[in-house]
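Below, each chain spelled out in residue letters.
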Amino acid sequence: QVQLVESGGGLVQAGGSLRLSCAASGRTFSSYGMGWFRQAPGKEREFVTAISGSGYSTFYADSVKGRFTISRDNAKNTVYLQMNSLKPEDTAVYYCAAGNAPRWSIPGSRSSKSYSYWGQGTQVTVSS
């Protein structure tokens, strides 16, 4: 069982930056692929970015590529999402998720079905 707790959300002006953190419980954090998803009001949850257990492989949605960076610190059981050049359309609740093999794999990391554990979400609001 893995528990995930996100933090770092808030209100920021367009063009600004935020860094989200997701702290995970458990002793085998490095065996989990981690992802960030977001859900805006009235829209479906969408993939933002993912990172492999080792941290060597990362993946991004086209809409955030070049602006967002995912990273992880396995010694601290934490994954981060650095968000720069924020736009109003980035406004959403951001969710951290964890999954491990065989359910999670690099090819399937963009699908929410690959993840077994989810955080409660943190609100990010970008004003224009």
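In this numbering scheme, every chain counts its residues from 1 along its sequence in written order. The predicted origin of the model limits local features to residues at a pLDDT of at least 70 and limits the giving and counting of side-chain atom pairs to 80 or more, whereas totals for whole chains, interfaces and linings rest on all residues. Side-chain descriptors were evaluated using all non-hydrogen atoms of the structure, hydrogens and water having been removed beforehand.

### Some points on the pattern of salt bridges
Salt bridges are defined by distance alone: a side-chain nitrogen of Lys or Arg within 4 Å of a carboxyl oxygen of Asp or Glu. Under the definition given, this model contains four salt bridges. Salt-bridge contacts for D90 lead to R38; the nearest nitrogen and oxygen are separated by 2.9 Å. Of this pair, D90 sits in the loop between β8 (78–83) and β9 (92–99) while R38 sits in strand β4 (residues 33–39), and the two are 52 residues apart along the sequence. As far as the burial class goes, D90 and R38 line up, both buried. Within this structure, R38, E46, R67 and D90 form a network of salt bridges that share partners. Numbered from the N terminus, helices here are DSSP runs of H or I no shorter than four residues, and strands are runs of E no shorter than two. Note on exposure labels: buried denotes an accessible area under 20% of the residue type's maximum, exposed denotes more than 50%, and partly exposed covers the range between, all computed with a 1.4 Å probe on protein chains only.

### What to know about the sheet that holds strand β3 (residues 18–24)
Any two strands with at least two DSSP-identified bridges between them are counted as paired. The strand order β1-β3-β8-β7 describes an open sheet built from four strands, whose pairing is antiparallel. The open sheet has two edge strands, β1 (4–7) and β7 (68–73), and neither has a second partner. The average undirected angle you get between the axes of adjacent strands in this sheet is 15°. Two strands pair when backbone bridges link them, and β1 and β3 are joined in this way by four bridges, in the antiparallel orientation. Along β3, the bridge assignment pairs V5 with A23. A fitted line through C-alpha atoms represents every axis, and for helices the fit uses only the stretch in contact; the resulting angles, taken between N-to-C directions, go from 0 to 180 degrees.

### What to know about the packing of aromatic side chains
Stacked, tilted and edge-to-face are the three classes applied to pairs of Phe, Tyr and Trp rings, where Trp contributes its six-membered ring and a pair requires centres within 6.5 Å; stacked means planes under 30 degrees apart, edge-to-face means over 60, and tilted covers the rest. The tally for this structure, following the rule as stated, stands at five aromatic pairs. On the numbers, 5.3 Å between centres and 80° between planes, the contact of F37 with Y115 is edge-to-face. Here F37, found in strand β4, pairs with Y115, found in the loop between β9 and β10 (117–118); they are 78 residues apart in sequence, far enough to count as distant. Residues F37 and Y115 agree in their burial class; the two are buried. Taking the ring centre of Y95 as reference, the NZ or CZ of R45 above it sits at 4.0 Å. Positioned over the ring face of W118 is R45, at 4.7 Å from the centre of the ring. Two thresholds decide whether a charge sits over a ring: the Lys NZ or Arg CZ must be within 6 Å of the ring centre and within 35 degrees of the ring normal.

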